[in-house]
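Breakdown of the fold
The residues making up each chain are set out below.
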Amino acid sequence: MLLPSLNTVLSLFNNLLPQSILQHHDALVPQPLTFRLRHIHGVSNETNVIFHDVPETYAVSVMHSVNTRPVKVHRPRSQEDFHRTRLRWRREGLLDSLGWDEDVIPGPNVDDREALLELAKMTNNAYVQPGDAEWYNLTDKWNNSSPFGWEPDADGFRGHVFVSDDNSTVVLSIKGTSAGWLGGGGPTVRKDKLNDNLLFSCCCARVDWTWTTVCNCYSGGWKCDQDCLETSLQDESLFYSIGTNLYNNVTYLYPNANIWLIGHSLGGALASLLGVTFGTPVVAFEAPGEKMASRRLHLPIPPSTQHVTHVYHTADVIAMGACNGITSSCAIGGYAMESRCHLGKSAVYDTMTKLNWSSDIRTHRIGVVIEQLLSKDWEEDRPVPKAEPEDDCV
């Protein structure tokens, strides 16, 4: 008696499986994704989100494949319930149980150095316009993208938008802080500083009596009115609110697409907060600790935040939460960066031990990560540090 071959058995088995299961299995097999620019996004003075189609003459038709892997995410079953829970938590101090839907979707492979390198370059380019000296040429891997929010009088939320050829995935890159003392500047400095000092300081950037605070919540005697502080964060012109508006507009344009969020510094922290809000993969470079900000915003935290990945190094005083005190570089620049703990998991380059780097605000630039860390494997058997949760940080 002849036995059927293994291929025959597998073929018969697959024919017996429901088509939905087979399609779900195919979606979980890591597939490289190729991206090109589709739209320019902008924010008007009234904080309205505006999209324009990218002219064919502007978008360069070069693409890049980014390695993916299955990522487990938890999404609120209802955004209405999510924000209703936020509101009741803030007003009444009661955190209601919230329903979450678990899903596994293709996300960026954060163990792949080349994938992180390209995402870091995309993140850097959110700071500058094509042709500027600091623009990273994506060298026929990603198409050049048009920025959003680059109007001459635009002073707020900026970044770039990429969409995969099959419309299955959208990547939003969010600009971080432009600060003159970091070699940057420009029209966004004022609003960048406002958002930094509201999200990452203990009390509206009250460092000492010489500071002008960004909200009127300091009540004397080193006490802060928590209700006042949390109310200040609800302003629709602040970046978290604008970011939720952006996300909702993108999902309206691409209702069946997965969204990835990336960003550097303030942009990385905003990407993480939005990733927790909507349950979408995040890669944040050198972000200040955003766990305190998530509590002030009263964001219900999903069963797991492992879809959020932070990448930073130990010499970066902002990501490490060490840029504080009246004599710090941050304070001299007018920033009260007093938070330390990150959501999700963190891939931390121990540059102070392995490379003998000194703690220095100048190493906070995304260019340092691109040119000195992600340009080569970190260790012989590990291209990037293992991303792990900051369990000891509360």
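Coordinates for the structure precede this section.
Procedures and definitions
- Residues numbered from 1 in each chain as written.
- Predicted model: local features only at pLDDT ≥ 70, side-chain atom pairs only at ≥ 80, totals over all residues.
- Heavy atoms only, no water.
- Helix = DSSP H or I, 4+ residues; strand = E, 2+ residues; numbered from the N terminus.
- Contact = heavy atoms within 4.5 Å.
- Expected span 1.5 Å × (residues − 1).
- Buried < 20%, exposed > 50% of the residue type's maximum accessible area, 1.4 Å probe, protein only.
- Polar contact = N/O pair within 3.5 Å; in protein donor to acceptor, adjacent residues only side chain to side chain.
- Core = buried A, V, L, I, M, F, W, Y, C linked by side-chain atoms within 4.5 Å.
- 1 Å grid on protein atoms, 1.4 Å probe; cavity = no way out; pocket = protein on both sides within 12 Å on 5 of 7 lines; lining within 4 Å.
- Points joined across faces, edges and corners; volume = space filled by probe spheres on them.
- Nonpolar A, V, L, I, M, F, W, Y, C, P; charged D, E, K, R; others polar.
- Disulfide = S-S within 2.5 Å.

Describing the overall build of the protein chain
- A count of helical and extended segments in the protein chain gives twelve helices and 14 strands.
- Put simply, of all contacts in the protein chain between residues at least 6 apart along the chain, 71% involve residues at least 24 apart.

Concerning helix α4 (residues 113-124)
- Here α4 spans 16 Å end to end across twelve residues, near enough to the 16 Å set by a 1.5 Å rise per residue.
- Burial analysis of α4 places eleven of its twelve residues in the buried class, the great majority of the element.
- Every buried residue belonging to α4 is among Arg-113, Ala-115, Leu-116, Leu-117, Glu-118, Leu-119, Ala-120, Lys-121, Met-122, Thr-123 and Asn-124, and all of these are buried.
- Where α4 starts, the residue carrying a side-chain oxygen 3.3 Å from the main-chain nitrogen of Glu-114 turns out to be Asp-112.

Describing the environment of Cys-330
- Considering the arrangement of structural elements, one finds Cys-330 in helix α10 (residues 329-332).
- A residue is classified by how much of its surface remains accessible, and Cys-330, at 0% relative accessible area, is buried.
- For the pair Cys-330 and Ile-361, spaced 31 residues apart in sequence, the C-alpha separation works out to 8.1 Å.

Focus on the nonpolar core
- Among the nonpolar cores identified, the biggest contains 43 residues, and Val-170, Leu-172, Leu-199, Tyr-240, Leu-261, Ile-318 and Cys-330 are the most heavily contacted of them.
- Broken down by secondary-structure element, the contributors of at least two residues to this core are β8 (159-164), β9 (169-174), α5 (189-200), α7 (239-253), β10 (258-264), α8 (266-278) and β11 (282-285).
- What Tyr-240 contacts, discounting residues up to four positions off in sequence, is Phe-82, His-83, Arg-86, Leu-270, Leu-273, Leu-274, Thr-277, Leu-297 and Leu-299.
- Membership of the second largest hydrophobic core comes to 30 residues, among which are Phe-35, Val-283, Ala-347 and Ile-366.

Thoughts on the layout of surface pockets
- Taken as a whole, the second largest pocket encloses approximately 300 Å³ of empty space.
- Forming the boundary of the second largest pocket are 17 residues, of which Arg-75, Tyr-247, Thr-251, Ala-257 and Phe-278 lie nearest the centre.
- Of all the elements in the fold, those that place two or more residues in the lining of the second largest pocket are β5 (68-76), β6 (100-108), α7 and β10.
- With three residues, α7 is the single largest residue contributor to the lining of the second largest pocket.
- Partitioned by chemical class, the residues of the lining of the second largest pocket number seven nonpolar, six polar and four charged.

Focus: the state of the cysteines
- Taken as a whole, this structure holds one disulfide when the rule is applied.
- Covalently, Cys-341 is tied to Cys-393 through a disulfide, its sulfur atoms 1.9 Å apart. Its S-S torsion of about -80 degrees marks the bond between Cys-341 and Cys-393 as left-handed, since a negative value means left-handed. Taken as a pair, Cys-341 in the loop between α10 and β13 (345-349) and Cys-393 in the segment after β14 (388-389) lie far apart in primary sequence, 52 residues in all.
- Take Cys-393: its relative accessible area is 3%, and that puts it in the buried class.

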